[in-house]
Amino acid sequence: MDNQAQIESVLNNLVYALFAQSGQMETNGRAGSLGNLIVFDNPEAVDTIVKAPELFRKNFSLISALGFSRFNTNGEDWSVRRAITQDTYLAAARPAQQHPMAELYAAGLAGSDATLPSIQQALFAASMTIFYRAFGLVPDMAATLLLLDRVRDVLRRLQYYSWVSPTSAERTNVIQDARAVVADFTSLLMADSRAAAEMDRFRDLASDLEDFSPVEEFVMNFFAGVETTVTTALWVIDRLSANLQVQERIHAEVLSGEAQTPYTDCMINETMRYFPPIPFLTREVGADTVLDGQKLYAGQLIMVSIVGVHQNPAFWSNPRVFDASRREFLENSFDRRAFIPFLTGPRMCGGARL
């Protein structure tokens, strides 16, 4: 049986290690390491990595057990998949949609108790509604929340087993669970005629892709968008709760009705800097190369520490301090290469504007 506590501990410790070593990994201009992985946290080197997707490719590993999507494909395959959802995200992010979105969150939070589970559920419900609405759909809230929990659990195990070799039984179990949750998501979507029609539209747009699954594409887009949004919102609430003065200042700024909200924007950006939605990512080197004085070989896996980029002392003042009035954000003086909560380059998060 899979040891959930062990998996959770290893992944948490990995993130803790990235926080502990951020800004210290590079000495004499060379990348550091974490176990067998070379880790890059210099914003200049990371900028090179994320802007060269053919040289530093996404590695499928066991994650592909949940299927393929724009998040774990490369080249033309990725381009086709990106086109399926990108226009939808851009349309949903138009300024006219901001007020309806705000109303959804406000209504959900107003109806929730002042407890973490209740607030979390309200945020998930609003985020899920926004995502589904972008595609002209309405989620079956209770059933979809349960499936979201299962996707999260399976992804955690798949990530863990991509680095820690599983037993045959563990590998079989996690792959079976991954296929089962996709199958159940398929049943849920196909039971709704509008969702079924949307999956047909996905399939038509990807007619040139062999073995394309519209549900796999939808599920991974859904999980990536909703999970990161709710996580960031929860961290903002957590940080606001720690400082009444900041709370009151931002509350006053929002109530003022002014178009510009520098302190609110700063608070959100500082939260994403300090607690990036995706703390790290891995890439596979496509050809022998040298980066930051480090020889890299084709097929080698490397890690990009977003935590490290966001806490690099050469680019941020007091980077290990959470500063709700961070000067770099208020003055708009930060180096864009050192703040990449949505990544950058051609593989930048498609829903960043949304």
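Predicted model, so just to flag it, every value in this text is computed and none were measured.

Rules of the game
- Residues numbered from 1 in each chain as written.
- Predicted model: local features only at pLDDT ≥ 70, side-chain atom pairs only at ≥ 80, totals over all residues.
- Heavy atoms only, no water.
- Helix = DSSP H or I, 4+ residues; strand = E, 2+ residues; numbered from the N terminus.
- Contact = heavy atoms within 4.5 Å.
- Core = buried A, V, L, I, M, F, W, Y, C linked by side-chain atoms within 4.5 Å.
- Buried < 20%, exposed > 50% of the residue type's maximum accessible area, 1.4 Å probe, protein only.
- Expected span 1.5 Å × (residues − 1).
- Arc of directions from axis to C-beta.
- Polar contact = N/O pair within 3.5 Å; in protein donor to acceptor, adjacent residues only side chain to side chain.
- 1 Å grid on protein atoms, 1.4 Å probe; cavity = no way out; pocket = protein on both sides within 12 Å on 5 of 7 lines; lining within 4 Å.
- Points joined across faces, edges and corners; volume = space filled by probe spheres on them.
- Nonpolar A, V, L, I, M, F, W, Y, C, P; charged D, E, K, R; others polar.
- Axes fitted to C-alpha atoms, helices over the stretch in contact; angles between N-to-C directions.
- Parallel < 35°, antiparallel > 145°, perpendicular 65-115°, else oblique.
- Pairing = 2+ DSSP bridges.
- Left-handed = near helix turned anticlockwise from the far one by under 90°.
- Phe/Tyr/Trp six-rings, centres within 6.5 Å; stacked < 30°, edge-to-face > 60°.
- Lys NZ or Arg CZ within 6 Å of the ring centre and 35° of its normal.
- Salt bridge = Lys/Arg side-chain N within 4 Å of Asp/Glu carboxyl O.

Colleague: Got a minute to help me understand the environment of alanine 134 in this structure?
Modeller: Its place among the elements puts alanine 134 in helix H5 (residues 116-134). The spacing of alanine 134 and glutamate 258 is 124 residues in sequence and 27 Å in space, taken between C-alpha atoms. In this structure, alanine 134 is in contact with Thr88 and Ala92, ignoring residues within four places of it in sequence.

Colleague: Is there a simple way to explain the nonpolar core in this structure?
Modeller: The tendency in soluble globular proteins is for nonpolar side chains to be buried side by side. Counting 47 residues, the largest nonpolar core has Leu66, Leu158, Phe185 and Phe218 as the members making the most contacts within it. Residue assignment for this core shows that the elements contributing at least two residues are helix H1 (4-21), helix H3 (75-92), H5, helix H6 (141-163), helix H7 (168-190), helix H8 (193-205) and helix H9 (214-241). Excluding anything up to four places from it in sequence, leucine 158 contacts Leu62, Ile63, Ala65, Leu66, Val174 and Ala178. In terms of nonpolar packing, the next biggest core, distinct from the first, is built from 17 residues, Ile38, Val46, Phe56 and Leu291 among them.

Colleague: Can you help me understand the side chain of threonine 144 in this one?
Modeller: By the element assignment, threonine 144 lies in helix H6. In this structure threonine 144 comes out as buried when scored by relative accessible area, which is 0%. In contact with threonine 144, not counting residues within four places along its chain, are Met128, Tyr132, Pro139, Phe185, Leu188 and Phe222.

Colleague: Explanation requested: helix H10 (residues 244-255) in the structure shown.
Modeller: In an α-helix, one full turn covers 3.6 residues, which means residues spaced three or four apart are oriented alike. Over its twelve residues, H10 extends 16 Å from the first C-alpha to the last, a length consistent with the 16 Å expected when each residue adds 1.5 Å. For H10, every residue scored as buried is listed here: Val246, Ile250 and Glu253. Looking down the long axis of H10, one finds its buried residues gathered within 60° of arc, a one-sided arrangement. Turned more than 90 degrees away from the buried face of H10 sit Leu244, Gln245, Glu248, His251 and Leu255, all of them exposed. Next to the buried residues of H10 lie H9 and helix H11 (262-274). A side-chain oxygen of the first residue of H10 lies 3.1 Å from the backbone nitrogen of glutamine 245; this N-cap is asparagine 243. Just downstream of H10, glycine 257 is the residue with a positive phi angle, here 80°.

Colleague: Mind showing me how you'd approach empty space enclosed by the protein here?
Modeller: Gaps between atoms show up when a probe of the same size as a water molecule is rolled over them. Under the criterion given, the structure shown has one cavity of 30 Å³ or more. Ile49, Val50, Pro53, Phe56, Lys58, Asn74, Arg283 and Arg347 are the residues that line the largest cavity. Taken together, the residues that form the lining of the largest cavity break down as four nonpolar, one polar and three charged.

Colleague: Even after reading the chapter, I still don't get the packing of H8 against H9, so can you show me in this structure?
Modeller: In helix packing, the relevant descriptors are the interaxial angle and the interaxial distance, both defined with respect to the helix axes. Contact pair H8 / H9: the axes reach a minimum separation of 9 Å and the direction vectors enclose 105°. Considering the angle they form, H8 stands roughly perpendicular to H9. Residues Met199, Phe202 and Arg203 of H8 lie in contact with H9, whose contacting residues are Pro214, Val215, Glu217 and Phe218. Residue composition of the contact of H8 with H9, by class: five nonpolar, no polar and two charged.

Colleague: Could you clarify how one ought to interpret the pairing of strand E2 (residues 37-40) in this entry?
Modeller: Regular strands have side chains that alternate between both faces of the sheet. Taking every second residue as pointing to the same face, both faces of E2 are buried, with Leu37 and Val39 on one and Ile38 and Phe40 on the other. Note that E2 and strand E7 (residues 301-305) share three bridges and pair parallel. Following the sheet pairing, isoleucine 38 is matched in E7 by isoleucine 302.

Colleague: Just to check I follow, could you spell out the packing of H5 against H9 for this structure?
Modeller: Packing of H5 against H9 leaves a shortest axis separation of 9 Å and a crossing angle of 140°. The angle between H5 and H9 places the two elements in the oblique class. Classified by chirality, the crossing of H9 by H5 is right-handed. The residues of H9 that touch H5, namely those facing Leu116, Ile119, Gln120, Leu123, Phe124, Ser127, Met128, Phe131 and Tyr132, are Phe218, Asn221, Phe222, Val226, Glu227, Thr229, Val230, Ala233, Leu234 and Ile237. The residue makeup of the contact of H5 with H9, split by class, is 14 nonpolar, four polar and one charged.

Colleague: I keep staring at the packing of aromatic side chains and nothing clicks. Help me out?
Modeller: According to the stated counting rule, one finds 25 aromatic pairs in the structure shown. These aromatic residues form a ring-pair network of at least three members: Tyr89, Phe131, Tyr132, Phe135, Phe185, Phe202, Phe218 and Phe222. Directly above the ring of phenylalanine 322 sits arginine 239, whose terminal nitrogen or CZ lies 5.7 Å from the centroid. The ring of phenylalanine 334 carries the charged tip of arginine 336 above its face, separated from the ring centre by 4.1 Å.

Colleague: Quick question: what am I supposed to make of the pattern of salt bridges here?
Modeller: Oppositely charged side chains may form a pair once their charged atoms are brought near each other. Inspection of every chain in the model, using the stated rule, returns 21 salt bridges. For the salt bridge of arginine 157 with aspartate 153, the shortest nitrogen-to-oxygen distance reads 3.2 Å. Residue arginine 157 and its partner aspartate 153 are located together in helix H6, separated by four residues, close to a single helical turn. A residue is classified by how much of its surface remains accessible, and arginine 157, at 3% relative accessible area, is buried. With a relative accessible area of 23%, aspartate 153 lands in the partly exposed category. When the shortest N-O distance is used, the salt bridge between arginine 179 and glutamate 216 registers 2.8 Å. Remark: glutamate 216 occurs in helix H9 and arginine 179 occurs in helix H7; sequence separation between them is 37 residues. Given the relative accessible area of 35%, arginine 179 is considered partly exposed. A single salt-bridge network, built from bridges that share partners, covers Glu270, Arg273, Arg326 and Glu328.

Remember that the coordinates give geometry; whether it matters functionally is a separate question.
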